[in-house]
Each structure stands twice: as structure tokens, then as C-alpha cells.
Amino acid sequence: MNTPDVAIEVAGLVKRYGEVTALDGVDLQVPRGTVLGLLGPNGAGKTTIVRILTTLLQPDAGRAVIDGVDVLAEPREVRRRLGLSGQYAAVDEYLTGFENLDMIGRLYHLGRRRSRERARELLEQFSLTDAGDRPTRTYSGGMRRRLDLAGALVAHPPVLFLDEPTTGLDPRSRTEMWGVIQQLVAGGTTLLLTTQYLEEADVLADDIVVIDHGRAIARGTADQLKAQIGGERLELTVSDEGRLDEAARLVTPLGVAPPVTDEHRRSLTMPVSGGVKALRQALDLLESEALEVDDAGVRRPTLDDVFLTLTGSTTEESP
Amino acid sequence: MSTLDVVTDASVVAKRNLIKIKRVPDLLVFTTLSPIMFVLLFAYVFGGAIDPTGGGAAYREFLIAGIFAQTVVFGATNTGAGLADDVKKGIIDRFRSLPMAPSAVLTGRTLSDVVNNVLVLVVMSITGLIVGWRINTGPLEALWGFVLLLIFAYAISWIMAWLGLLIPSPEVINNASFIVIFPLTFVANTFVPLDTLPGPLRVFAEWNPVSAVTQAARELFGNPDPNPMSAASLAWPLQHPQLYTLIWAVAVVAVFAPLASWQYRRAASR
Ligand SMILES: Nc1ncnc2c1ncn2[C@@H]1O[C@H](COP(=O)(O)OP(=O)(O)OP(=O)(O)O)[C@@H](O)[C@H]1O
Ligand SMILES: [Mg+2]
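Residues numbered from 1 in each chain as written. Chains lettered and ligands numbered in written order. Predicted model: local features only at pLDDT ≥ 70, side-chain atom pairs only at ≥ 80, totals over all residues. Heavy atoms only, no water.

### Focus on the layout of surface pockets
Residue and element names in this part refer to chain B.
(1) Moving on: Considering only enclosed or pocket space, the second largest pocket measures out at about 510 Å³ in volume.
(2) Moving on: Asp-26, Leu-27, Asn-78, Ala-81 and Asn-174 are, among the 20 residues lining the second largest pocket, the residues nearest its centre.
(3) Moving on: Here the residues of the lining of the second largest pocket sort into nine nonpolar, five polar and six charged. (1 Å grid on protein atoms, 1.4 Å probe; cavity = no way out; pocket = protein on both sides within 12 Å on 5 of 7 lines; lining within 4 Å. Points joined across faces, edges and corners; volume = space filled by probe spheres on them. Nonpolar A, V, L, I, M, F, W, Y, C, P; charged D, E, K, R; others polar.)

### A word on the pairing of strand β7 (residues 159-163) of chain A
Residue and element names in this part refer to chain A.
(1) Moving on: The buried fraction of β7 is high, at five of five residues.
(2) Moving on: Pairing of strand β6 (residues 82-85) with β7, which is carried by four bridges, proceeds in the parallel orientation. By the bridge assignment for β7, Gly-83 is matched with Leu-160.
(3) Moving on: A crossover connection joins β7 to the parallel strand β8 (residues 190-195) through helix α6 (residues 171-186); in handedness this β-α-β unit is right-handed. (Buried < 20%, exposed > 50% of the residue type's maximum accessible area, 1.4 Å probe, protein only. Helix = DSSP H or I, 4+ residues; strand = E, 2+ residues; numbered from the N terminus. Pairing = 2+ DSSP bridges. Right-handed = clockwise from strand over helix to strand, strands pointing away.)

### Points about the interface of chain A and chain B
(1) Moving on: Each side of the interface is counted separately: chain A has 31 residues, and chain B has 26 residues.
(2) Moving on: Between chain A and chain B lies a buried interface of about 2,700 Å² when both sides are counted; carbon and sulfur atoms form 58% of it.
(3) Moving on: On the surface where chain A and chain B come into contact, there are five salt bridges.
(4) Moving on: Among the ionic pairs, A:Glu93 bridges to B:Lys89, the shortest N-O distance being 2.3 Å.
(5) Moving on: The tally of links from chain A across to chain B stands at ten residue pairs in polar contact (both at pLDDT 80 or more).
(6) Moving on: Listing elements by their share of the side of chain A that touches chain B, those giving two or more residues are α2 (75-81), β6, α3 (97-107) and α5 (141-153) of chain A.
(7) Moving on: Looking at the side of chain A that touches chain B element by element, the count peaks at six residues for α3(A).
(8) Moving on: In the side of chain A that touches chain B, the residues fall into 15 nonpolar, five polar and eleven charged. (Contact = heavy atoms within 4.5 Å. Buried area = accessible area lost by both parts, 1.4 Å probe. Salt bridge = Lys/Arg side-chain N within 4 Å of Asp/Glu carboxyl O. Polar contact = N/O pair within 3.5 Å; in protein donor to acceptor, adjacent residues only side chain to side chain.)

### Describing the sheet that holds strand β4 (residues 61-66) of chain A
All names here are of chain A.
(1) Moving on: Strand order in the open sheet formed by four strands is β2-β1-β4-β5, and the pairing between neighbours is antiparallel. The open sheet terminates on both sides in strands that have one partner only, identified here as β2 (20-31) and β5 (69-70).
(2) Moving on: As paired elements, strand β1 (residues 6-17) and β2 share nine bridges and run antiparallel to each other. Counterpart to Val-10 in the pairing with β2 is Leu-28.

### Remarks on the packing of aromatic side chains
Aromatic ring pairs: the centre-centre distance and the angle between the two ring planes describe each pair.
(1) Moving on: Scanning all chains against the criterion turns up 15 aromatic pairs over all chains.
(2) Moving on: On the basis of an interplanar angle of 80 degrees and a centroid distance of 6.3 Å, the ring pair of B:Phe68 and B:Phe221 is categorised as edge-to-face. Of the two residues, B:Phe68 is situated in helix α3 (residues 57-75) and B:Phe221 in helix α10 (residues 209-221); the sequence distance between them amounts to 153 residues. Here the two residues B:Phe68 and B:Phe221 agree in accessibility, since each one is buried.
(3) Moving on: With centroids separated by 6.2 Å and ring planes inclined at 80 degrees, the aromatic side chains of B:Trp207 and B:Tyr244 adopt a geometry described as edge-to-face. Residue B:Trp207 is located in helix α9 (residues 199-207), and its partner B:Tyr244 is located in helix α12 (residues 241-266); the two are separated by 37 residues in the primary sequence.
(4) Moving on: The exposure class of B:Trp207 is partly exposed, given its relative accessible area of 44%.
(5) Moving on: The class of B:Tyr244 is buried, set by a relative accessible area of 11%.
(6) Moving on: In this structure an aromatic cluster arises from ring pairing among B:Phe74, B:Phe178, B:Phe182, B:Phe186 and B:Phe191.
(7) Moving on: Sitting over the face of the ring of A:Tyr17, A:Lys15 holds its NZ or CZ atom 5.6 Å from the ring centroid. (Phe/Tyr/Trp six-rings, centres within 6.5 Å; stacked < 30°, edge-to-face > 60°. Lys NZ or Arg CZ within 6 Å of the ring centre and 35° of its normal.)

Everything listed is a geometric property; what it means functionally is a separate question.
Written as C-alpha cells, this is what we have:
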């Protein structure tokens, strides 16, 4: 199981919290230098996996090897090889950005000189130089996130874990964060990333594993997954609730799979292949039947669509 | 993990905690202003009430060591509240994911609280000197008195460290520890002579380690009880206050340092 070109290998991971089974036998394999996206809704078990792999939590069963080192047998050796940025930015709010990074460098035993140099380098790399000597409680959410990520990189770890790195960031900060992560990965770092956004997994990950109720319910490349769930979604809202089924019947031939209707919202959603063209055709069809439409659009698939396709139900919080 | 790593890691963590004291106005106030207030309040309010004829001067001198003991014991709450805060904010998770010495977070924490207590004792001593307290012994004896107070507070810090990791809520820790610390520091010889206490309370006070460390400090500073009881009527801990304080401190560290370390390994945030 200890092949040199596999950076993270996980087999049969189980974790229970009393009645709740947070992980129910998870297997993962991340080849060196690639990015694995763990995609799942709230309570799926993403953080539990990250905490076990970063030695913060003991599993009830299963084993994990990181960079050739057994996580359970040699936790300290594993810690030398990994960087972690947890779900909630763990920066010390009373220290400055510089002091936070310098402290982490010292605790990785980089030595006094090297720790300082590295702290300055990282502040520069993450556009935090100007704020570097301010206590971090004056930082914005995005700045804290960046500093936390910088903390994970202090010792140039070969394996990196990022738990929902962009949750809570505005669209611009999110795009910036993606850029930073892509740069890292280009440098050869192996990355395990968790996210609730299909789009994020699509942009950043080579492979995606969909997690639900502590189990991997689908896996593959972003393209494979998208082929499985279909591409863009056509979404229509009709004015008259009574004619929703009629509208669904009319547009069915335009989709790659049958539409799903939501009576409450008077809307239907259907996977289509030729986005805008399908939209125009659908609107023409409905108009010819004098079926009034309140809202119409084409959008990329979301995590909800993935779940709709894979499990037949939308995302819901695990018990 | 070399011994050197263990020491540097602890000092890195201790330095981080001390920076926090500098940056958080509340802590700085607690560290410097409240000790001054304690000395003034207790010296004049209690001193005047208990010894109205003498103008309170003798009792003021008697009280100072009690105020010192009470304040450093209260200071130990910082240890618990600080650790609880770190668990809550995920800082402990960050530490636990680093290849540092696992002991460093706790030793660093308790050490920085010793430094904090040194500062508190300096501030209180200066205030005490201003209101008429004097050290009537040699410098070495006095120094040993201060060291005993610090050792005692250090031991209490380990109890608080364990509590802070067990109950990771700074507010709960503050309230819970006050419930324990108030009786511990008041049912003692800190502010009133023991012979004023009724039977069961008096027994508790005689065996209370806070009484012993206070008694030891009084002896070492040369601040005797203005109405001394005969030595024979004192319980064993108060006849050997230095020894009792040391035994007690060693026992507490021996029990609570392993407990706190064990709790640290399983501390989980959110
Ligand atoms: N300390 C704990 N005690 C009890 N149950 C827990 C604990 N930690 C996690 N769980 C449960 O385990 C399951 C998985 O939680 P986990 O935090 O791994 O989910 P997640 O995928 O990270 O969710 P989110 O997207 O909300 O962060 C949930 O049902 C959660 O309630
Ligand atoms: Mg999570």
C-alpha cells in the first residue's frame, strides 16, 4: 500500500460519535502532485476525514498513510510532512500576521533566522506585507483565511490539507484564493481539499470524491462526474402553477434527462447540452402554447444537482 | 524530539502568551491595576475594621502576605481561561498539527503565567511598601518567600490548565474557578486570624494550603500575627508551613500535569 507515487492512501476509515456514524468506511487514493476534491454537503464527514489524516483525531477503524508514513503509528513524523488549514481560520488574533507565521516556523524548528525570512516571504506571497505588523484581529475574513493558508505552507510541506478554503469569502476573494492554490499545485504539492461547491472542485481538483453520510458515493475526474450528472441546467418558472406539468412535458425532448419539477416554486430544472440554444427553443415552445414564463435561465450544475442525480434527493444535513 | 526542542518550543509558546498580555487591555489591567486595588482595599477596609485602636498599621503588615497569596491564586484562572480560549478558537488544533513537542503548549502556558505573576508581585510589593508594609528579614529569606508564592501559584495553574481543556469555555472557567477559589482564599488565615473562625471552618482553614503559603510568606517577610496564638495550638501544616506548601505543590503538579496532558491530547475544537 506504500507506493512511492501515492501521497495519500486511506483504507476503510470509520469514525463514530456515539450514535452518529461520521465516517462509514472511506477509501481514498491521491497520487503525488495531484489534487483531490472532497465534495459533500454539511455533515457529510469532510472535516472528520481531514482531522483524522492530520493526526487530530483517532479513527475507530481503518488506516491511512501519508507520504509513505503511517498516520496512526507515527503521528509526529506525519506532522513534519503536512500542512493544514482547517475549516475555521486558526490565527491568533492578538499576534500580528508576522508573529503568527514566525511562531509556526519556530514550532516547525526552522530556526530563528529562517522562520523570520519565511514569514516575510509568505506575507509577500499572500499580499499581506502591509498588514503584516498589525494584530490579526484587525484583518478581514479573507485576510485571515490567506494568513491561515500561509501558516500551512511555512515548512514547504509536500502534502497539504485545506478544509473549505473559500467558504465565507466573497466572489473576488474566492477567485484570488483559487489562483493562490493553483500556483501551489503547479509547484508539485499534493493537495486534499474539501468543498461544498461543485464549481470549486471542478476548477481546482484533478479527481473528485463525492461524500455523503460518511460514505464515498461517487468518484472520478471532474469531466467523468459531469458526464454522469449532465452539464448545464435549464431552469424555468411558470406563472400558472396548474400548467407546470404541461410545461415539463413540452420541454422534455430538449433535455438530456427528464426535468424535475418543484410545484411550490412553480419551477422545473432539466439537464441540457446546448445551453443557450435549448433555452431559446424552450421559450419558443412555451410561447406557442401561450404558457407564460416568469423566469428562465441556464446555469452550471451545483452540488444539489449532483445529489439529485446520484441519490435522487437533494442535499440535507446528516443526522 | 531533543530536550532542546522541548525547551525552545515551550519558550516560543510562552512568548506568544506574553505578547497577548501586552495587547489585551483587560489582561493588562487585571495584571497591574487590580493588584494595586486589592492591596489598598484590603489593607484599609479590613485593616481598619479588625484593628481599630492601632490605626490598622500592624494588621496592614499582617494582611499583605494574604493579599499576595489570594491574588496569585486568582491569577491562575488566566491559565485555564487562556487554554479554553485557544481550544475554542482552533489554536490548539493548529499546535497539535505541528511537529512540536506536545508538552510545550502546557509548559509554555504555565511558565508565561509565572512571568505574569512575577509582574503582579512586583506591582503589589511596591504598593504594599507605599502603604507601610515592610520586610523585616534578610533579602534571601524574603526572596524565598516570593518564590514559595510563585511555586504555589504554579501548582494551581496546572489544575486550571486541566479545567480549561476539560471545559473549553473561558466564561464558564472564570465562573467555575471563582466558586472554588473564593472559599479557598477566604476560609484561611489570609485576612482574619484563625482563632476568629468557628470550629469546622477553622479546621478547614488550618489544613488549607492557602493558609500555609500565607503563613510561610509572613514568616519569611517577618510580618507576624499581632495577636499570635501559641505554637502548640497550631495544626501541623501551620507549624511547618514551608514544607506543607512544597509537599502540596509537588502533589498537585504530580496529579494534574499528567491529567492536563492527557486532556490536551484529546482536546477537540468545535
Ligand atoms: N465532536 C463531535 N461529536 C459528535 N458528533 C460529531 C462531532 N464532530 C462531528 N460530528 C458529526 O459527524 C458528522 C460529520 O461531521 P463533519 O464535521 O466531518 O462534516 P463536514 O462534512 O465537515 O460538514 P461541514 O460542511 O458542515 O463542515 C456530522 O453528523 C457531525 O454532526
Ligand atoms: Mg467541515
